[in-house]
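Tertiary structure, described
Each chain, written out:
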Amino acid sequence: MAKRRIYIAYAGGTIGMRTTERGREPAPGYLAEQLRTNPIFDSEELPEFTINEYEPLLDSSNMGPSDWIRIAQDIEKHLPDYDGVLVIHGTDTMAYTAAALSFMLENLNKPVIITGSQVPLCELRNDAMDNLVTSLILLQRFADRIAEVCIYFGGRFLRGNRAKKIDGEFFGAFDSPNLPNLGRVGIDFELSWDLIRAPKSTRKPLHVQPIGTASVAAFRLFPGLKAKTLAPMLDGIQGLVLECYGAGNAPHRDLEFMELLRQAHRNGVVIVDVPQPIHGCANLSLYATGRALLDVGVVSGFDMTPEAALAKLLYLLSRESNPDEVRRLVQTDMRGEITLP
Ligand code: ASP
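Below, the structure is looked at part by part.

A few words now on the overall build of the protein chain. In terms of regular secondary structure, the protein chain is built from nine helices and 18 strands. For the C-alpha atoms alone, the extent of the protein chain along its principal axes is close to 65 × 55 × 35 Å. A separation threshold of at least 6 residues defines the contact pool for the protein chain, and within that pool the share at least 24 residues apart is 73%. Of the roughly 14800 Å² that the protein chain leaves accessible, carbon and sulfur atoms contribute 50%. Of the charged side chains in the protein chain, 35 are positive and 42 negative, and the gap between their average positions amounts to 4 Å.

Have a look at this one:
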């Protein structure tokens, strides 16, 4: 098979870090140099690639919407000349970036794979080499069959907006709690082509919808929460991801809390309920503690991860000014991020 052309956007992460007296920090030049000079990356099985090392390289804990816009615009600029993109990124906020890119990259018709590692490439025993090599092989072999933002990490191939960092210690750092994996990579590549979003023949050109102009927050309910703790957060925001208990339930006997949500809704804040359990779907009509939320205007995010719900809210609120339209679109499947009941 002829070598495909892949664009690598290297944003940062442990994968290219070294340990300094301040702890692990990105080491400019190191990873890009390895990719250019290590003979492994010349293999016939791998695609041709160009690497763009970002300045500064970031620990992904330092990343936010402006970095997502930078990556999205970099992809928009280069994708027409390449068969696919590999984004190299830290694991801490990789799921947020993956979800954000999935929404921002409108009409995406080629693969964008995001990877990183738990242990830096410079260490003898690491997961960096496999994650890099396997991501590149996925792109070389299947670039013409994948048209979505994915994560490859530790043997799992996942839809980006379904992924969640579930492990801080082992190499299988990511999983997709509410959608089966798009693939598993062991001795062989086992890809689920029925799940993978395939390129379409009639497509509008790739377009980036920048996100980040909207003001969105996320809040995890906890027993003992006082309405006055949440109140300042609701001031001046347009969207809230509310991580609720169980099937999407909240303390409905706390009238002050319920009134706070009702007022926020009336003020135009779009409140999206996502469940705290890692696996499962919000079902707000199951319990009185869920129905009460529907009564004050909260909308169910069904089985979206909190990461995807936050990115989707930012995206929608950057695009639409009518909160009711945003509420409708929150419950619409846009990029395979939600399972509608
Ligand atoms: N703190 C690192 C980051 O997110 C962790 C990693 O890459 O694994 O950039």
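There's plenty left to go through after this.
Attention now moves to the site of the ligand. Contacts to the ligand come from Gly13, Thr14, Met17, Asp59, Ser60, Gly90, Thr91, Asp92 and Ser117. Between the ligand and Asp59, the relevant distance is 2.9 Å, taken from a nitrogen atom to a side-chain nitrogen or oxygen of the residue. For the ligand, the accessible surface in isolation is 270 Å², of which the surrounding protein chains cover 91%.

Okay, the pairing of strand β7 (residues 112-115) next. Burial of β7 is two-sided: the residues Val112 and Ile114 facing one way and the residues Ile113 and Thr115 facing the other way are all buried. As paired strands, β7 and strand β8 (residues 149-153) are joined by three bridges and run parallel to one another. What sits directly across from Ile113, in β8, is Cys150. Crossover β7 to β8 through helix α4 (residues 128-142) is left-handed.

The next subject is the sheet that holds strand β18 (residues 299-300). The strands making up a sheet associate through hydrogen bonds between their backbones, and the pairing can be parallel or antiparallel. Spatial ordering of the open sheet is given by β15-β16-β17-β18, a layout of four strands whose pairing is parallel. What marks the edges here is a single partner per strand, and that holds for β15 (216-220) and β18. The pairing of β15 with strand β16 (residues 239-244) spans five bridges and is classified as parallel. Across the sheet, the residue bridging to Ala218 is Val241, located in β16. Where helix α8 (residues 306-319) meets the sheet, its contacts fall on β15, β16 and β17 (270-275), and the angle it forms with β16 comes to roughly 165 degrees.

What follows deals with the side chain of Thr93. Along the chain, the position of Thr93 falls in the loop between β5 (84-88) and α3 (94-104). For Thr93, a relative accessible area of 16% corresponds to the buried category. Once you skip the residues sitting within four places of it in the chain, Thr93 turns out to touch Ser60, Ser61 and Met63.

The N-to-C vectors of α8 and helix α9 (residues 323-330) enclose an angle of 140 degrees; their axes lie 10 Å apart at closest approach. Considering the relative orientation of α8 and α9, their crossing is right-handed. For the pair formed by α8 and α9, the contact residues are Lys312, Leu313, Leu316, Leu317 and Arg319 on the first element and Val326, Leu329 and Val330 on the second. Of the residues that constitute the contact of α8 with α9, the class distribution is six nonpolar, no polar and two charged.

Attention now goes to helix α5 (residues 227-234). Those residues of α5 that sit buried are Ala227, Leu230 and Leu234. In an axial view of α5, the angular spread of the buried residues amounts to 70 degrees, which keeps them on one side of the axis. Facing away from the buried side of α5, by more than 90 degrees, are the exposed residues Lys228 and Pro232. Along its buried surface, α5 packs onto β15, β16 and α6 (255-266). A positive backbone phi angle near 85 degrees is found at Gly236, which sits one or two residues after α5.

Moving on, we get to unusual backbone geometry. Phi is mostly negative for residues that are not glycine, and the peptide bonds are mostly trans. For the peptide bond that leads from Glu55 to Pro56, omega is 0 degrees, which places it in the cis range. Of note, Pro56 is situated in strand β4 (residues 48-58). Residues other than glycine seldom take positive phi values, yet Asn107 does so here, at roughly 65 degrees. The exposure class assigned to Asn107 is partly exposed, which follows from its relative accessible area of 21%. One non-glycine residue, Phe302, adopts positive backbone phi at about 50 degrees.

Here we come to the environment of Glu259. Relative to the helices and strands, Glu259 resides in helix α6. On the accessibility criterion, Glu259 (35% relative accessible area) is partly exposed. Glu259 sits 53 residues away from Leu206 along the chain, and the two C-alpha atoms are 43 Å apart.

Thresholds, definitions, all that
- Residues numbered from 1 in each chain as written.
- Predicted model: local features only at pLDDT ≥ 70, side-chain atom pairs only at ≥ 80, totals over all residues.
- Heavy atoms only, no water.
- Helix = DSSP H or I, 4+ residues; strand = E, 2+ residues; numbered from the N terminus.
- Contact = heavy atoms within 4.5 Å.
- Areas by Shrake-Rupley, 256 points an atom, 1.4 Å probe, with all protein chains shown as cover.
- Lys, Arg positive; Asp, Glu negative; His and termini not counted.
- Charge placed at Lys NZ, Arg CZ, Asp CG, Glu CD.
- Near = heavy atom within 4 Å.
- Polar contact = N/O pair within 3.5 Å; in protein donor to acceptor, adjacent residues only side chain to side chain.
- Buried < 20%, exposed > 50% of the residue type's maximum accessible area, 1.4 Å probe, protein only.
- Pairing = 2+ DSSP bridges.
- Right-handed = clockwise from strand over helix to strand, strands pointing away.
- Axes fitted to C-alpha atoms, helices over the stretch in contact; angles between N-to-C directions.
- Left-handed = near helix turned anticlockwise from the far one by under 90°.
- Nonpolar A, V, L, I, M, F, W, Y, C, P; charged D, E, K, R; others polar.
- Arc of directions from axis to C-beta.

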